Amino acid sequence: MTGEGFEAILGGMEAAGLSDHAGTGRVATGPGFWSVLGAMQAAPTVARGDEAGAPQPGEALESLLTPPPDTDPAAIARDLAIRPGLAAAQLNGIRRAFAGANHPDLMPPQHREAATIRMQVANRLIDEALRNGRRASAA
């Protein structure tokens, strides 16, 4: 179809039975098509000539295939590995490391809501451990 005008493309679609009588295209698409299209639109664009940081082929598709972050509080607690007796500095270090790996701004757009929940749960667990540590040291 390279070099064909728009009218010629529409004529070819009509001849193939892919056009309705009003002249608008009618192509069967499923929900997967629209999610890939949405991801392509949400993918960062890079100005021409700026090859550093340019999205790699399949990068948008790969982000669609990755599972969302786990929001189960038990799984988050396991990931944090909080145990009794950790000092406040250690707990704050765990918080920073967790945020560095799980912050919503670092996630693909379709996973940011789950990442936000994950960060909220982690912060609550760490805050609780800090409170428990203060109580233990005061006793």
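Located above this text is the structure these notes cover.
Residues numbered from 1 in each chain as written. Predicted model: local features only at pLDDT ≥ 70, side-chain atom pairs only at ≥ 80, totals over all residues. Heavy atoms only, no water.

Student: What exactly am I supposed to notice about the nonpolar core here?
Tutor: Among the nonpolar cores identified, the biggest contains 12 residues, and these are Ile76, Leu80, Leu86, Leu91, Ile94, Phe98, Met119, Val121, Ala122, Ile126, Ala129 and Leu130. At the level of elements, α4 (73–80), α5 (88–102) and α6 (112–138) are the ones that each hand at least two residues to this core. No other element matches α6, which puts six residues into this core. If we skip the residues at most four places from it in the chain, Val121 touches Pro73 and Ile76. (Core = buried A, V, L, I, M, F, W, Y, C linked by side-chain atoms within 4.5 Å. Buried < 20%, exposed > 50% of the residue type's maximum accessible area, 1.4 Å probe, protein only. Helix = DSSP H or I, 4+ residues; strand = E, 2+ residues; numbered from the N terminus. Contact = heavy atoms within 4.5 Å.)

Student: Sorry, what's going on with α6 here?
Tutor: Because the α-helix completes a turn every 3.6 residues, residues three or four places apart line up on one side. Given a rise of 1.5 Å per residue, 27 residues ought to cover 39 Å, and the 39 Å separating the end C-alpha atoms of α6 matches this to within 8%. Turning to α6, its buried residues are Ala114, Ala115, Arg118, Met119, Val121, Ala122, Ile126, Ala129 and Leu130. (Expected span 1.5 Å × (residues − 1).)

Student: Whenever I open this one, the packing of α5 against α6 confuses me. Can you help?
Tutor: Where α5 contacts α6, the two axes come as close as 10 Å, and the packing angle between them is 175°. Judged by the inter-axis angle, α5 sits roughly antiparallel to α6. Contacts between α5 and α6 involve Ala88, Leu91, Asn92, Ile94, Arg95, Phe98, Ala99 and Asn102 from the first element and Ala115, Arg118, Met119, Ala122, Asn123, Ile126, Asp127, Ala129 and Leu130 from the second. Grouping the amino acids of the contact of α5 with α6 by side-chain chemistry returns 11 nonpolar, three polar and three charged. (Axes fitted to C-alpha atoms, helices over the stretch in contact; angles between N-to-C directions. Parallel < 35°, antiparallel > 145°, perpendicular 65-115°, else oblique. Nonpolar A, V, L, I, M, F, W, Y, C, P; charged D, E, K, R; others polar.)

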